[in-house]
Amino acid sequence: MKIPKQAYTTEFKELAVKRIKDGQSVSKGCSVKYAWIAEQGNTFALAEMCDVLDVSISGYRAWKRGGKPDRQRLSDRQMLALIRLIHGELKGAYGSPRMMRELRTRGFSASKERVERVMRDHGIYARHKRRYKVTTDSKHGLPVAENLLARNFTPTAPNQVWTSDMTYLRTDEGWLYLAIVLDLFNREVVGWSLKPRMTADIVTALTMAWFRKKPAPGLLHHSDRGSQYASHAFQGKLKEYGMTCSMSRKGHCRDNAPTENRFNSFKNKRVHGLRYATHTAINAAAFEYIEVFYNRKRPHSTLGYKPPTQFLVAWLSGQHEGKLVASNPLFGRRKTEETSVARMN
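Below, the structure is looked at part by part. Quick caveat: nothing in here was measured; it's all calculated off a predicted structure. (Residues numbered from 1 in each chain as written. Predicted model: local features only at pLDDT ≥ 70, side-chain atom pairs only at ≥ 80, totals over all residues. Heavy atoms only, no water.)

1. Comments concerning the overall build of the protein chain
Thinking step 1. Counting its regular elements, the protein chain contains 14 helices and 5 strands.
Thinking step 2. When burial is assessed residue by residue, the protein chain has 42% of its 345 residues classed as buried.
Thinking step 3. Taking the intrachain contacts of the protein chain between residues at least 6 apart in sequence as the baseline, contacts between residues at least 24 apart amount to 62%.
Thinking step 4. Total accessible area on the protein chain is roughly 19,200 Å²; 53% of this is exposed by carbon and sulfur atoms. (Helix = DSSP H or I, 4+ residues; strand = E, 2+ residues; numbered from the N terminus. Buried < 20%, exposed > 50% of the residue type's maximum accessible area, 1.4 Å probe, protein only. Contact = heavy atoms within 4.5 Å. Areas by Shrake-Rupley, 256 points an atom, 1.4 Å probe, with all protein chains shown as cover.)

Below, the structure written as structure tokens:
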């Protein structure tokens, strides 16, 4: 039912503020939360308040206009059907936290507790992780680089730090080795390769990454201390591209945790419990997961639940605006005024 905003009197807003400040329940609906947000419009940012109170910005603005929130309220049966659809589309990739965000992205109201309950009651779970298995061969006589990365997994810009790792995949036609190169800034897989030989595989993945991104000399490349990464062929490529080599300490697999986590994710979602008859079939699965799903669609918790490519585009846009502000003070003043108006609304 459409309720005009005039019905929300000053007394009603004051009651809403008092209820939230006193820690009382706000389960009567979004209207109480919207009233409090309106009262605090000049104190906090709108996006922050909506996030804390678990409501949408579009819903709040619709309420202020006297309309309905954009998100649709689903019955349990409708939510179950939609969750099953998403679960099938993404091949069991999402647990309840990401499923909740996916439902909200599609325009539906969904709380963490409700999504957890519906999934649990109907036996819908993300694919489980398997035990970690060591695949690094560090017993060799080749030179090993120092751990220059030192678990600093948060570079401030793209193409500053890349990390690499590899794993093996089984098919009816024999084993293949999947190698990836990850940009730690936005956790994007910038290069990958799937081949029957390990050394050729990691060189191909690095070459793909370099041709895609063309980073400036000085990029830090981190990997484990396996014989493939210490090989003359791979070290020669690093030198050719002007990259500095860093390697994990012996016995410290967490020194390369972000990259190893990507393999866990891929294997859990696309490998474990499935059988691939041919090399072509698993190559297609790897392409679909990396290029179609992971880089462009999968929300990443360390990126504010944005996919890697979306996070990078937003960062580049911010850098462009920063340059415009530096070169034109009037542009910066206009952006400040627009931000102030957005917060008031």
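2. Some remarks on the pattern of salt bridges
Thinking step 1. Tallied over the full model, the rule gives 11 salt bridges.
Thinking step 2. For Arg104, the salt bridge identified is with Asp54, shortest N-O distance 2.2 Å. You can see Arg104 sitting in helix H6 (residues 96-105) and its partner Asp54 sitting in the loop between helix H3 (46-53) and helix H4 (57-64), a full 50 residues away along the chain.
Thinking step 3. The class for Arg104 is buried, based on a relative accessible area of 18%.
Thinking step 4. Across the salt bridge formed by Asp255 and Arg151, the nearest N and O atoms sit 2.6 Å from each other. With Asp255 in the loop between strand E5 (244-247) and helix H11 (257-270) and Arg151 in the loop between helix H7 (112-121) and strand E1 (161-171), this residue pair connects regions lying 104 residues apart in the sequence. (Salt bridge = Lys/Arg side-chain N within 4 Å of Asp/Glu carboxyl O.)

3. Some words on the sheet that holds E1
Thinking step 1. If you walk across this open sheet you meet the 5 strands as E3-E2-E1-E4-E5, and the pairing is mixed. A strand with exactly one partner marks an edge of an open sheet, and here the two such strands are strand E3 (188-195) and E5. Within the sheet, the average angular offset between the axes of one strand and its neighbour, ignoring direction, is 25°.
Thinking step 2. Pairing analysis gives 7 bridges linking strand E2 (residues 174-183) to E3, with the strands arranged antiparallel. Across the sheet, Leu182 pairs through a bridge with Val189, a residue of E3.
Thinking step 3. Of the strands in this sheet, E1, E2 and E3 are in contact with helix H12 (residues 279-294), which crosses E3 at around 180°. (Pairing = 2+ DSSP bridges. Axes fitted to C-alpha atoms, helices over the stretch in contact; angles between N-to-C directions.)

4. Quick look at the nonpolar core
Thinking step 1. Membership of the largest hydrophobic core comes to 41 residues, with the highest contact counts inside it found for Met79, Ile83, Met99, Leu103, Val115, Trp192 and Leu194.
Thinking step 2. Residue assignment for this core shows that the elements contributing at least two residues are helix H5 (76-89), H6, H7, E1, E2, E3, H11 and H12.
Thinking step 3. Looking at which element gives the most residues to this core, the answer is H12, with 7 residues.
Thinking step 4. In contact with Met79, other than residues within four places in its own chain, are Leu74, Leu103, Ser109, Ala110, Arg114, Val115 and Val118.
Thinking step 5. In this structure, Leu219, Phe234, Leu238 and Met247 belong to the second largest nonpolar core, which totals 20 residues. (Core = buried A, V, L, I, M, F, W, Y, C linked by side-chain atoms within 4.5 Å.)

5. Some details on H7
Thinking step 1. Regarding H7, the residues found buried are Arg114, Val115, Val118 and Met119. Buried residues of H7 fall within an arc of 125° about the axis and therefore sit on the same side. Along H7, exposed side chains directed more than 90 degrees from the buried face belong to Glu113 and Asp121.
Thinking step 2. Buried residues along H7 sit against H5 and H6.
Thinking step 3. Gly123 lies just past H7 and shows a positive phi near 65°. (Arc of directions from axis to C-beta.)

Geometric values such as these leave the question of function open.
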